[in-house]
Amino acid sequence: TENLFYPLFLAFALVLVLVLEQPTGHRIALLVVLLGVSYATRVQAAALVPAVVLAPFVLAIFERRGLRETISRFRLVYGTFAALAVLALGVQLLGGASPRDLLGAYSPVGDATYDVGEVLRYLVWHAAELALYLLVIPVAATIVLVARARRLDRPLQALIAATLALTA
């Protein structure tokens, strides 16, 4: 499933950038379809939902927009994903299943306790591992672009916002 998930993830990332540039109904529908196919391929795709919620706020920081204006501009995105969340939870509850069952084999993760120090240590390790996998250059370029984000054109700001949200 990993071989299929990688191109699906890249397509999802591209459509997320397009949604950030212009949140039309067709683009949002395509984003939802890609999320559904990605989730059907690998349950970890559930982690893409917080990225969709976060990305407009990151973009708003770059564009110097207020919270109210951002929510208004992306109301169709937030409304769609809120409706999907209610639908998913409703289906689970009406079917007699727990909302945790949406995570499939990963549902026991919510039962464990995590030490903050350990989580931060592994976060640093994973960030370092990512930098090494990418040979440091794209990571350094992203840092430079984030530092200059407010002076970049809108499509590049959308790309950087999606990159940061998906990475987080």
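Worth saying up front: this structure is predicted, and the values here are computed from it rather than measured.

Conventions we followed
- Residues numbered from 1 in each chain as written.
- Predicted model: local features only at pLDDT ≥ 70, side-chain atom pairs only at ≥ 80, totals over all residues.
- Heavy atoms only, no water.
- Salt bridge = Lys/Arg side-chain N within 4 Å of Asp/Glu carboxyl O.
- Helix = DSSP H or I, 4+ residues; strand = E, 2+ residues; numbered from the N terminus.
- Buried < 20%, exposed > 50% of the residue type's maximum accessible area, 1.4 Å probe, protein only.
- Phe/Tyr/Trp six-rings, centres within 6.5 Å; stacked < 30°, edge-to-face > 60°.
- Lys NZ or Arg CZ within 6 Å of the ring centre and 35° of its normal.
- 1 Å grid on protein atoms, 1.4 Å probe; cavity = no way out; pocket = protein on both sides within 12 Å on 5 of 7 lines; lining within 4 Å.
- Points joined across faces, edges and corners; volume = space filled by probe spheres on them.
- Nonpolar A, V, L, I, M, F, W, Y, C, P; charged D, E, K, R; others polar.
- Core = buried A, V, L, I, M, F, W, Y, C linked by side-chain atoms within 4.5 Å.
- Contact = heavy atoms within 4.5 Å.

### A short note on the pattern of salt bridges
Then comes step 1: According to the stated counting rule, one finds five salt bridges in the structure shown.
Then comes step 2: Measuring nitrogen to oxygen at the nearest pair gives 2.8 Å for the salt bridge that ties Arg73 to Glu63. With Arg73 in helix α4 (residues 67–73) and Glu63 in helix α3 (residues 48–63), the pair connects residues that are ten residues apart, well separated along the chain.
Then comes step 3: Look at Glu63 and you get buried, because its relative accessible area is 18%.
Then comes step 4: Glu69 is the partner of Arg65 in a salt bridge, and the nearest nitrogen-oxygen pair spans 2.7 Å.

### Some points on the packing of aromatic side chains
Then comes step 1: All told, the structure shown has three aromatic pairs when counted by the stated rule.
Then comes step 2: Pairing Tyr122 with Trp125 gives two aromatic rings, centres 5.5 Å apart and planes at 70°, and the pair type is edge-to-face. Of this pair, Tyr122 and Trp125 both sit in helix α6 (residues 116–133), three residues apart, which is roughly one turn of that helix.
Then comes step 3: Here Arg121 stacks its cationic end above the ring of Tyr122, 4.8 Å away from the centre of that ring.
Then comes step 4: The ring of Trp125 carries Arg121 above its face, with NZ or CZ at 4.8 Å from the centroid.

### Looking at the layout of surface pockets
Then comes step 1: Taken as a whole, the largest pocket holds about 1,600 Å³ of empty space.
Then comes step 2: Lining the largest pocket are 33 residues, with Phe9, Leu130, Leu166, Thr167 and Ala168 positioned closest to its centre.
Then comes step 3: If you list the elements that add at least two residues to the lining of the largest pocket, you get α1 (2–21), α3, α6, α7 (137–147) and α8 (154–167).
Then comes step 4: Tallied by class, the residues present in the lining of the largest pocket amount to 26 nonpolar, five polar and two charged.
Then comes step 5: Approximately 430 Å³ is the volume found for the second largest pocket.
Then comes step 6: Forming the walls of the second largest pocket are 15 residues, and the residues nearest its centre are Leu35, Tyr39, Val49, Leu84 and Ala88.
Then comes step 7: Top element by residues in the lining of the second largest pocket is helix α5 (residues 75–94). It accounts for six residues.

### A short note on the nonpolar core
Then comes step 1: Phe12, Leu16, Leu20, Leu31, Val52, Val77 and Leu166 are the most contacted members of the largest nonpolar core, which totals 32 residues.
Then comes step 2: At nine residues, the largest contribution of residues to this core is made by α1.
Then comes step 3: Beyond its immediate sequence surroundings of up to four residues, Val52 is in contact with Phe12, Leu16, Leu31, Val77 and Phe81.

### Section: the environment of Tyr78
Then comes step 1: Following the sequence through the fold, Tyr78 ends up in helix α5.
Then comes step 2: Relative accessible area serves as the criterion here: at 17%, Tyr78 is assigned to the buried category.
Then comes step 3: Counting along the chain gives 32 residues from Tyr78 to Ala46, while the straight-line C-alpha distance between them is 16 Å.
Then comes step 4: If near-sequence neighbours (up to four positions away) are discounted, Tyr78 is found in contact with Val53, Pro56, Phe57 and Ile71.

Bear in mind that shape data such as this cannot, by itself, settle questions of function.
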